[in-house]
Amino acid sequence: MSTSTPTSIHTHPDILALRERYDQAAEQPTVQVADGLMLLSGLYAAASAWIIGFVGQTPLTMTNLICGIAIAVLALAYGSAYGRTHGIAFVAPLLGVWLIVSPWIVAGVDTTTAMIWSNVVVGAVVCALGLGTAALAMGRPTRQPRP
């Protein structure tokens, strides 16, 4: 019979060290700039229908609004608690790719040049920033001497 008390995996020293490493990486100025740019890109994507003027294209307007809000929420999560949100870092590049291809895939949309350029540029920016964030999540841990 064992007399040890069960512990939660969330309090395991390796998990805590991993979260601390992610949080330290998220505190770097380059990462903070990338998170800020992703937030701004998400907000632009959400508002792009009104900025560019394709509000009448309801399916694409809703797609951009939903994707933009999702990107902005992800950027806020990465910026505030990356140690806990690194597992979903792959979502941002996927949303960026969706923004790029959505003008051609979403049914019932009469595309214009401005609409296509807006989606392609913001989608490419989100994809690049998302890949950078995902690379941070998959980065090699630095060797630290054990006490």
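Draft legend 1. Molecular detail of the overall build of the chain. A tally of regular secondary structure across the chain gives five helices and zero strands. Each helix and strand of the chain, ordered N terminal to C terminal, gives the series α-α-α-α-α. By residue count, 37% of the 147 residues in the chain fall in the buried class. Restricting the contact set of the chain to residue pairs at least 6 apart, pairs at least 24 apart contribute 68%. About 9000 Å² of surface is accessible on the chain, with carbon and sulfur atoms providing 68% of the total.

Draft legend 2. Representation of the environment of Gly36 in the model. The residue Gly36 is located in helix α2 (residues 29-53) in this model. On the basis of relative accessibility, which here comes to 29%, the residue Gly36 falls in the partly exposed class. Once the C-alpha coordinates of Gly36 and Tyr78 are considered, the two residues, 42 residues apart in sequence, prove to be 9.9 Å apart.

Draft legend 3. Spatial organisation of the nonpolar core. The biggest cluster of nonpolar side chains holds 16 residues, and the ones touching the most others in it are Met38, Ile71, Tyr78 and Leu99. Ranked by residues supplied to this core, first place goes to helix α3 (residues 58-85) with five residues. Among residues more than four places away in sequence, those in contact with Leu99 are Ala45, Asn64, Cys67, Ile71, Asn119, Val122 and Gly123. Listed in part, the six residues of the second largest apolar core include Phe54, Val106, Val109 and Met115.

Draft legend 4. Fine view of a nonpolar patch on the surface. Judged by side-chain polarity, Val33, Leu37, Leu40 and Leu43 come together as a nonpolar surface patch covering roughly 380 Å² of accessible area. Tracing the backbone shows Leu43 in helix α2.

Draft legend 5. Representation of the confidence of the model for the chain within the structure. Of the residues in the chain, 72% have a pLDDT of 70 or more, and the chain-wide mean is 82. Averaged pLDDT values for the elements of the chain fall to 64 in helix α1 (residues 13-26) and rise to 95 in helix α4 (residues 91-105).

Draft legend 6. Looking closely at the side chain of Thr61. Mapped onto the elements of the fold, Thr61 is located in helix α3. Ignoring anything within four residues of it in the chain, the contact list for Thr61 reads Ala49, Trp50, Phe54 and Val55.

Draft legend 7. Here's a closer look at the environment of Met115. Note that Met115 resides in helix α5 (residues 113-138). Measuring from C-alpha to C-alpha, the distance between Met115 and Pro103 comes to 7.6 Å, with 12 residues separating the pair along the chain. Once residues lying within four places of it in the same chain are set aside, the contact partners of Met115 are Ile52, Phe54, Gln57, Leu60, Val109 and Asp110.

Draft legend 8. Here's a closer look at the environment of Ser118. Mapping Ser118 onto the fold places it in helix α5. Classification of Ser118 by relative accessible area gives buried; the value is 7%. Note: C-alpha distance between Ser118 and Ile51 (67 residues apart in sequence) is 9.7 Å. Not counting residues within four places of it along the chain, the set of residues in contact with Ser118 comprises Tyr44, Ser48 and Ile52.

Conventions used here
- Residues numbered from 1 in each chain as written.
- Predicted model: local features only at pLDDT ≥ 70, side-chain atom pairs only at ≥ 80, totals over all residues.
- Heavy atoms only, no water.
- Helix = DSSP H or I, 4+ residues; strand = E, 2+ residues; numbered from the N terminus.
- Buried < 20%, exposed > 50% of the residue type's maximum accessible area, 1.4 Å probe, protein only.
- Contact = heavy atoms within 4.5 Å.
- Areas by Shrake-Rupley, 256 points an atom, 1.4 Å probe, with all protein chains shown as cover.
- Core = buried A, V, L, I, M, F, W, Y, C linked by side-chain atoms within 4.5 Å.
- Patch = residues over 30% accessible without salt bridge, like charges linked within 9 Å, V, L, I, M, F, W, Y side chains within 5 Å.
- Salt bridge = Lys/Arg side-chain N within 4 Å of Asp/Glu carboxyl O.
- pLDDT = per-residue confidence, 0-100.

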